[in-house]
Each structure stands twice: as C-alpha cells, then as structure tokens.
Amino acid sequence: MELSRGVLVTGAAGQLGEALREEFAGSVVAALTRADWDVTLPPPANVPAADVVLHAAAWTDVDGAEAHPQEAAAVNVGGTQHAADLGAPLVVFSTDYVFDGRKGRPYVESDAPNPLSVYGRTKLQAEAAAGQDAWIVRTSWLFGWTSTNFVRTMLRLGAERDEVAVVDDQRGCPTYVGHLASAVRGLLDRPRGVWHLAADDSCTWAEFAEAIFDESGLSCRVRPIKTEELGRPAPRPLNSVLRSERPEAPRLPHWREGLRDCLGRLGY
Ligand SMILES: NC(=O)c1ccc[n+]([C@@H]2O[C@H](COP(=O)([O-])OP(=O)(O)OC[C@H]3O[C@@H](n4cnc5c(N)ncnc54)[C@H](OP(=O)(O)O)[C@@H]3O)[C@@H](O)[C@H]2O)c1
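Rules and cut-offs
- Residues numbered from 1 in each chain as written.
- Predicted model: local features only at pLDDT ≥ 70, side-chain atom pairs only at ≥ 80, totals over all residues.
- Heavy atoms only, no water.
- Helix = DSSP H or I, 4+ residues; strand = E, 2+ residues; numbered from the N terminus.
- Polar contact = N/O pair within 3.5 Å; in protein donor to acceptor, adjacent residues only side chain to side chain.
- Contact = heavy atoms within 4.5 Å.
- Pairing = 2+ DSSP bridges.
- Axes fitted to C-alpha atoms, helices over the stretch in contact; angles between N-to-C directions.
- Parallel < 35°, antiparallel > 145°, perpendicular 65-115°, else oblique.
- Left-handed = near helix turned anticlockwise from the far one by under 90°.
- Nonpolar A, V, L, I, M, F, W, Y, C, P; charged D, E, K, R; others polar.
- Buried < 20%, exposed > 50% of the residue type's maximum accessible area, 1.4 Å probe, protein only.
- Lys, Arg positive; Asp, Glu negative; His and termini not counted.
- Salt bridge = Lys/Arg side-chain N within 4 Å of Asp/Glu carboxyl O.
- Right-handed = clockwise from strand over helix to strand, strands pointing away.
- Phe/Tyr/Trp six-rings, centres within 6.5 Å; stacked < 30°, edge-to-face > 60°.

K.L.:
Provide a residue-level description of the side chain of N149, including the pertinent values.
P.N.:
Checked against the element boundaries, N149 lands in the loop between β6 (142–143) and α5 (150–160). Of the polar contacts made by the side chain of N149, one reaches the backbone oxygen of G144; its length is 2.9 Å. At 3.1 Å, the side chain of N149 and the backbone nitrogen of V151 are in polar contact. Ignoring any residue separated from it by four or fewer positions in sequence, one finds N149 in contact with Q15, L142, F143 and G144.

Rendered as structure tokens:
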C-alpha cells in the first residue's frame, strides 16, 4: 500500500502502539494516546486524514473486564466502531481469547470462536464492529520493551525471588510486538479479512518463564502450577495456539527469537 498521506496509530502509548510507531516511523501522520483521543468518544474534529488506521487502543485488563464489562465494551467495541468511523482502511487487533481452547490443534482463521471471558467477547464484538472491510489481526501473548507484560513481570520477580509459580497448562504463542508490527506492514499489501499472526512454535507460560530466566541469566526457579490454583477471575483458553491457514500469510519468527530481541532492548 502506498503511504502518501501516512499512518494513524491509536493506543500509541501501549506496547504494540510503540512498536507500530517505530515500524512506520517516517510515515506516521498521528500517533494518538488516550490523552489525545479517548476512543470511547467519537473522533476529535482535528484528526488528520490517513491512508490506514492501525487501531491498537484497547481495554487489555482481562481480569478487570469481568468486573467492568460495560467499560471494557465501551473501549473495545465502541472504540473500534469509532476508529471505523474515520473512514480510512482499518487494521484492528484481536486475540486468541476469542476461542475456548478446547480444540486439540492450533486455531486457524475458519475455526468458530467461542470466547470464555468478557474480554474475549468484547474483542469478538470488536471484530464485527470493524466490518468486512478491515484487516482483523488475531494475535496472542504479546510482549515488548514497554508497558506491563509477562516478560517484564518475570524479569522483576526473577530479580526479587528464588522461585516463581507459573501456570503450565495454558499453551500459546508468545509474540514479540516488533515482529508483529513488521508483519502488519506486510499485511497492508494483502487482502482484508481475518488473519492469524503469532510467533512461530508454542510453549506454556511456565516454559516461557524458564526461557526468560535462561536468556537473561537470572537464577530463579519456575514452579509449574495449574490454572485453577491461580484463581483468576477470567477463564482463559488452555490451548491458545494460533496458526494461519492462508498460504500468503506473513510468517513471524520463533518466539525465542522475539524474546532475545526484546531482552536485548531491555539491556540483558
Ligand atoms: N497484550 C496481549 O497479550 C494481547 C494479546 C492478543 C491481542 N492483544 C490486542 O493487541 C492490541 C494491543 O495490545 P497491547 O498489548 O499493546 O495493549 P496495551 O499495552 O495495554 O496498550 C493498549 C493501549 O490502549 C490505550 N487505551 C485504553 N483505553 C483507551 C481509551 N478509552 N482511549 C484511548 N486509548 C485507550 C491504553 O492507554 P492507557 O495506558 O492510558 O490505559 C494503552 O496505551 C489490543 O487490541 C489487544 O486487545 C493483546
């Protein structure tokens, strides 16, 4: 896609928003944080015209959404509708949590969603709000060098403790935001519709934590536990593995490669 007018990014202070700003540096006509545009409200009048809107603003507090379903829907569904109202080609970001995790194999684009949580339901409704004419990118287990994410949390805990308890019965594809942002660029030259874009290969959260400690040189043990022991408010799919069944889908590198890149940026 020709980016003569430029790219507009929402959620620009989030971890994916940061990576999109970096990937499209030089073509970003506006990088809007919540302070610039609260997406639960219609777009401000001064939003510049763009060739494409990369809509990364979202309510991402999965457990918090259980207690605040209307607020989560206002951001995820209402916000996506408002982003679509800008009238430019739209990329929206959805999630593995639209699936129930009961399939024994990776999820592909044609699998039927069945979200278990409020967050998952709002993201599925957001896909509908984005419309047929958007690129709907389902991704999973995002991590990057900013914001709150599993890698940064494990680095903090690993420096403070000898052992951390991490769930070992949820499997997914930890996806580095830098790799996702670069795949999004490739997607702009492909047809619109639903695309699964997640890191190559898969692991459990406990395996991911072990890799984080290995690669960063922290000597912290991982004690594997079951999801139910954690007692989190929102149910999670046990199988979160996403793959694309579309032959022309951009391929992302292995999650461990993403982890190494991310740790490098964090000074490890
Ligand atoms: N994180 C994951 O593991 C994951 C997995 C699959 C899919 N996704 C999807 O990927 C996308 C990017 O997620 P992320 O990990 O980058 O999330 P993030 O780091 O939490 O960033 C989300 C951004 O949205 C902003 N935001 C929240 N409410 C807003 C509002 N009402 N108006 C404007 N901005 C608002 C947040 O601002 P504040 O900081 O001010 O709250 C934050 O900067 C989301 O669509 C998410 O659902 C994420």
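K.L.:
Please give an account of the sheet that holds strand β10 (residues 193–196) that cites residues and values.
P.N.:
Overall, parallel pairing links the 6 strands, which are arranged β2-β1-β3-β4-β5-β10 in an open sheet. Looking at the sheet topology across the chains shown, the edges are occupied by β2 (28–32) and β10. Direction aside, neighbouring strands of the sheet carry axes that sit 20° apart on average. With 4 bridges connecting them, strand β1 (residues 7–10) and strand β3 (residues 52–55) associate as parallel partners. In the strand pairing of β3, L8 is matched with V53. Its contacts with the sheet place helix α3 (residues 69–85) against β3 and β4 (90–95), and it is angled at close to 160° to β4. Together, β4 and β5 (135–139) form the strand contacts of helix α4 (residues 118–130), whose direction differs from that of β4 by roughly 155°.

K.L.:
Now, about the packing of α3 against α4: what can you tell me, with residues and values included?
P.N.:
Contact geometry of α3 with α4 gives a least axis separation of 9 Å together with a crossing angle of 20°. As judged from the angle between their axes, α3 and α4 are roughly parallel. When you trace α3 past α4, the crossing you get is right-handed. Residues P69, A72, A73, N76, V77, T80, Q81 and A84 of α3 lie in contact with α4, whose contacting residues are V118, Y119, T122, K123, Q125, A126, A129 and A130. Looking at the contact of α3 with α4, its residues break down into 10 nonpolar, 5 polar and 1 charged.

K.L.:
Can you break down the side chain of D96 residue by residue, with the values?
P.N.:
Tracing the backbone through its elements, the reader meets D96 in the loop between β4 and α4. Here D96 occupies a buried position and makes no salt bridge, while the nearest side chain of opposite charge, R236, is found at 8.7 Å. Of note is the side chain of D96, whose polar atom sits 2.6 Å from the side chain of S240. Sequence-distant contacts of D96, defined by excluding residues within four places in its chain, comprise T139, S140, W141, P237, S240 and L242.

K.L.:
Pulling in residues and values, what's your account of the pattern of salt bridges?
P.N.:
Evaluation of the coordinates by the stated rule reveals 15 salt bridges. Note that R251 is salt-bridged to D200, the shortest N-O span being 3.5 Å. Of this pair, R251 sits in the loop between α8 (227–230) and α9 (255–265) while D200 is found in the loop between β10 and β11 (203–204), placing the two residues 51 residues apart along the sequence. Judged by its relative accessible area of 68%, R251 falls in the exposed class. You can call D200 partly exposed: its relative accessible area is 27%. Residues participating in the shared-partner salt-bridge network are D63, R232 and R236.

K.L.:
Just give me the short version of the pairing of β1, but keep the residues and values in it.
P.N.:
Side chains V7 and V9 project from β1 onto one buried face, and the interleaved L8 and T10 project onto a second face that is buried too. Inspection of the sheet shows β1 paired to β2 by 4 bridges, in the parallel sense. Each residue of the ladder has a partner; that of V9, found in β2, is A31. Taken together, β1, helix α1 (residues 15–23) and β2 constitute a β-α-β crossover, and its handedness is right-handed.

K.L.:
Hey, could you go over the packing of α1 against helix α6 (residues 177–187) for me, with residue numbers and the actual values?
P.N.:
Two elements in contact, α1 and α6, have axes whose closest approach is 9 Å; the angle formed by their N-to-C orientations is 55°. Between α1 and α6, the angle is such that the two are oblique. Both α1 and α6 take part in a crossing whose hand is right-handed. Between α1, through Q15, L16, A19, L20 and E23, and α6, the contact on the second element is made entirely by V177, G178, L180, A181, S182, V184 and R185.

K.L.:
So what's going on with the packing of aromatic side chains? Which residues, and what values?
P.N.:
Counted by the stated rule, this structure contains 9 aromatic pairs. Plain terms: the ring middles of W141 and W205 are 3.6 Å apart, the flat faces sit at 10° to each other, and that makes the pair stacked. Here W205 lies in helix α7 (residues 205–216) and W141 lies in the loop between β5 and β6, a separation of 64 residues in the sequence. Taking relative accessible area as the criterion, W141 reaches 7% and is therefore assigned buried. Between the aromatic rings of F150 and W205, the centroid separation amounts to 4.7 Å while the plane-to-plane angle is 45°, which identifies the pairing as tilted. Here the residue F150 occupies a position in helix α5, and W205 occupies one in helix α7, the gap between them amounting to 55 residues. The exposure class of F150 is buried, given its relative accessible area of 18%. One aromatic cluster is present, built from ring pairs that chain together W141, F143, W145, F150, Y176, W205, F208 and W255.

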